[in-house]
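Listed below, chain by chain, are the residues.
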Amino acid sequence: MEQTTDKENLQHQPVKGEQFNRSIGLMSNFALGFTYLSPLTAVYSLFALAVTLAGPPAIWWILIVACGQLLVALVFGEVASQYPITGGLYPWARRLWGKKYAWIAAWIYLWALVVTITSIAEYTSTFVASLFHYATSAGNMMLTSVVLLLIMMGVNMSGTKNLARVAKIGFWCEIVSVIALGIYLLIFHRSQPFSVVFDSMGVLASDGNYTTAFMSASLMGLFMFFGFEACGNVAEEVKNPGKKIPVAMILSIVFGAISAVISILGYLLSSPDLINIVNGKIADPIPTILNQALGETGATIFIVVAIIAMLSCILSLQAALSRLIFSFSRDKMLPGSEWMSKISKHSVPDNAMIVSCLLPVIICVWVYFQPDSLARITAFAVIGIYISFQMVVLAALRQRLKGWKPAGEWTVGSWGLIVNVLALAYGLCGIWLLAQPAAGESFVDRWTVLVGLAIVIVSGLLYMFITKPFGRSNAPENDAIEYARKLNTEQS
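This write-up is about the structure you can find in this document. Only a predicted model underlies this, so the values are computations on that prediction, with no experimental measurement involved.

## Describing the nonpolar core
Alright, step 1. Y36, F76, W92, F225, M249, Y267 and F389 are the most contacted members of the largest nonpolar core, which has 187 residues in total.
Alright, step 2. Discounting chain neighbours no more than four positions away, the residues touching W92 are F76, V79, A80, Y83, G232, M249 and V392.

## Overview of the pattern of salt bridges
Alright, step 1. Inspection of every chain in the model, using the stated rule, returns six salt bridges.
Alright, step 2. With a closest N to O distance of 4.0 Å, R94 and D331 form a salt bridge. Of this pair, R94 sits in helix α5 (residues 89-96) while D331 sits in the loop between α14 (285-330) and α15 (337-340); the two residues are 237 residues apart in sequence, bridging distant segments of the chain.
Alright, step 3. The exposure class assigned to R94 is buried, which follows from its relative accessible area of 2%.
Alright, step 4. Classification of D331 by relative accessible area gives buried; the value is 7%.
Alright, step 5. A salt bridge links R323 to E237; the shortest N-O distance between them is 2.8 Å. Placement of R323 in helix α14 and of E237 in the loop between α11 (230-233) and α12 (241-269) is noted, with a sequence separation of 86 residues between them. Each member of the pair R323 and E237 is classed as buried.

## Looking at α12
Alright, step 1. Compared with the 42 Å implied by 1.5 Å per residue over 29 residues, the 41 Å span of α12 between its first and last C-alpha is a close match.
Alright, step 2. Judged by how many residues are buried, α12 sits mostly within the fold: 21 of 29 residues are covered.

## Some thoughts on unusual backbone geometry
Alright, step 1. One non-glycine residue, M201, lies in the positive phi region at around 55°.
Alright, step 2. By secondary structure assignment, the location of M201 is in the loop between α8 (160-188) and α9 (210-216).
Alright, step 3. A positive phi angle, close to 50°, is found at N240, a residue other than glycine.
Alright, step 4. Its place among the elements puts N240 in the loop between α11 and α12.

## Description of the state of the cysteines
Alright, step 1. If you walk through the whole model with that rule in mind, you get zero disulfides.
Alright, step 2. With no disulfide of its own, C67 has C429 as its nearest cysteine by sulfur position, at a separation of 14 Å.
Alright, step 3. On the basis of relative accessible area, C67 is assigned to the exposed category, the value being 52%.

## Side note on a nonpolar patch on the surface
Alright, step 1. A contiguous nonpolar surface patch, about 390 Å² in accessible area, is contributed by W60, L63, I64 and F198.
Alright, step 2. Looking at the secondary structure, you find L63 in helix α4 (residues 60-82).

## Thoughts on the side chain of E122
Alright, step 1. By secondary structure assignment, the location of E122 is in helix α6 (residues 99-132).
Alright, step 2. Take E122: its relative accessible area is 7%, and that puts it in the buried class.
Alright, step 3. Residue contacts for E122: discarding those within four places in its chain leaves M141, S145, C364, V367 and L374.

## Re the packing of aromatic side chains
Alright, step 1. If you walk through the whole model with that rule in mind, you get 27 aromatic pairs.
Alright, step 2. Between W97 and Y101, the ring centres sit 4.2 Å apart and the planes meet at 10°, which makes this aromatic pair stacked.
Alright, step 3. Among the aromatic side chains, those forming a connected cluster through ring pairs are Y90, W103, W107, W111, F328 and Y463.
Alright, step 4. Positioned above the aromatic ring of Y483 is the side chain of R95, whose terminal nitrogen or guanidinium carbon lies 5.2 Å from the ring centre.
Alright, step 5. Sitting over the ring of W97, R398 keeps its end group 4.4 Å from the ring centre.

## Some details on the packing of α8 against α14
Alright, step 1. Where α8 contacts α14, the axes come no closer than 8 Å and their chain directions differ by 145°. Like other packed secondary-structure pairs, α8 and α14 cross with a definite hand, here left-handed.
Alright, step 2. Residue composition of the contact of α8 with α14, by class: 18 nonpolar, four polar and two charged.

## What to know about the environment of A257
Alright, step 1. With respect to the helices and strands, the residue A257 is situated in helix α12.
Alright, step 2. Put simply, A257 and G25 are 232 residues apart on the chain and 23 Å apart in space, counted from C-alpha to C-alpha.
Alright, step 3. In this view, A257 contacts I62, A66 and F225; residues no more than four positions away in its chain are not counted.

Calculation criteria
Residues numbered from 1 in each chain as written. Predicted model: local features only at pLDDT ≥ 70, side-chain atom pairs only at ≥ 80, totals over all residues. Heavy atoms only, no water. Core = buried A, V, L, I, M, F, W, Y, C linked by side-chain atoms within 4.5 Å. Buried < 20%, exposed > 50% of the residue type's maximum accessible area, 1.4 Å probe, protein only. Contact = heavy atoms within 4.5 Å. Salt bridge = Lys/Arg side-chain N within 4 Å of Asp/Glu carboxyl O. Helix = DSSP H or I, 4+ residues; strand = E, 2+ residues; numbered from the N terminus. Expected span 1.5 Å × (residues − 1). Disulfide = S-S within 2.5 Å. Patch = residues over 30% accessible without salt bridge, like charges linked within 9 Å, V, L, I, M, F, W, Y side chains within 5 Å. Areas by Shrake-Rupley, 256 points an atom, 1.4 Å probe, with all protein chains shown as cover. Phe/Tyr/Trp six-rings, centres within 6.5 Å; stacked < 30°, edge-to-face > 60°. Lys NZ or Arg CZ within 6 Å of the ring centre and 35° of its normal. Axes fitted to C-alpha atoms, helices over the stretch in contact; angles between N-to-C directions. Left-handed = near helix turned anticlockwise from the far one by under 90°. Nonpolar A, V, L, I, M, F, W, Y, C, P; charged D, E, K, R; others polar.

What follows is the structure, given as structure tokens:
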């Protein structure tokens, strides 16, 4: 297996003797990002909510968000190409701005990933309960989620090659369960015209405005199109990362958008009871549609495929979180950093992986006592990830305005500044949509997302200023222009 080269080691100052094996190719890297993005998970989890809020036109959020996140991916691609370093957002923010800025960006991202893993595990547990025909009580869901998290931790700790293999399996399960199934429904079970995607079916917001209703359905798209950054989180395990990581990010978004649109079109157009789904009279529409189209046996096969795809998503999420924690710990940023910055004989940060599993388990226990909070903590996870994304986008724009010209093997050339500005504008709009108050009587119910975000940010700032973890490492920071010039000199 390829080892991290001496030239690449200069970029991140690894712990002595601790190096990853470069065993991930383009297809595996793309599969990792795609299964983390997981169109199936987003469609199944939020299809009913989105269609109830905005009717069939909710499907357009897939394309809107895909275009916006593609701009973000282009920015990330240039940064990742210049800095192919494990941990993704944390080292990127550090090299583009500074250690304090990177600390808070990665702290927000870390907790958003923890909550995202919890959300996916909880959603997957409902599939498992459906497959094995047991009650979806809060206790059963918690136990199932914990077992799934532990199993995926075991697979992750068995080595990067197994991670890549399972990611590929998950990728093909996603293809079968979203694209192939969607095409099958459109060809053999279509009962609605294609024009239905322009028909709101009388849905209006509480203020009587459809625009408000349409905006409220944005979560389906916003929840789906992150995860492509996982391609960069494992940069030191990717072969030829400067060229392959940006391509893998872009492919994750493009294929994610295509598969999601086909899947949602299949569900919308094959439902003879679409008006009842929009009116909320069919609470869990996808199983109903599948039973009508595939029969009980076919629906069961789909559930098995869906479970495999969602488990692969959990696997990819755990891998991304463990590499972030490892990267943080390598720079001595967290309590127990020495322990969490160890790499096992399988070239996996095992101790960071244990923490990546334990933290979501704790959140699962919290969900057990607050079972109605799952949708709200999901929204918190998305806004946290969007904010950390935009901190990197903003940092990249700051460097461009100071004269930075990305010097990686992959760039967008003269379009860089325009793409960067548009990516930031898109991200700010997404954050605004996610920050809107939810339905509820109490203040906490309405503002759970922002309350949770405030707790994470304030706790991170307090820890940062009290313990000063950013001062424990001499890793490079704020050197984008200088490092780009160095790379250009070496290449010339």
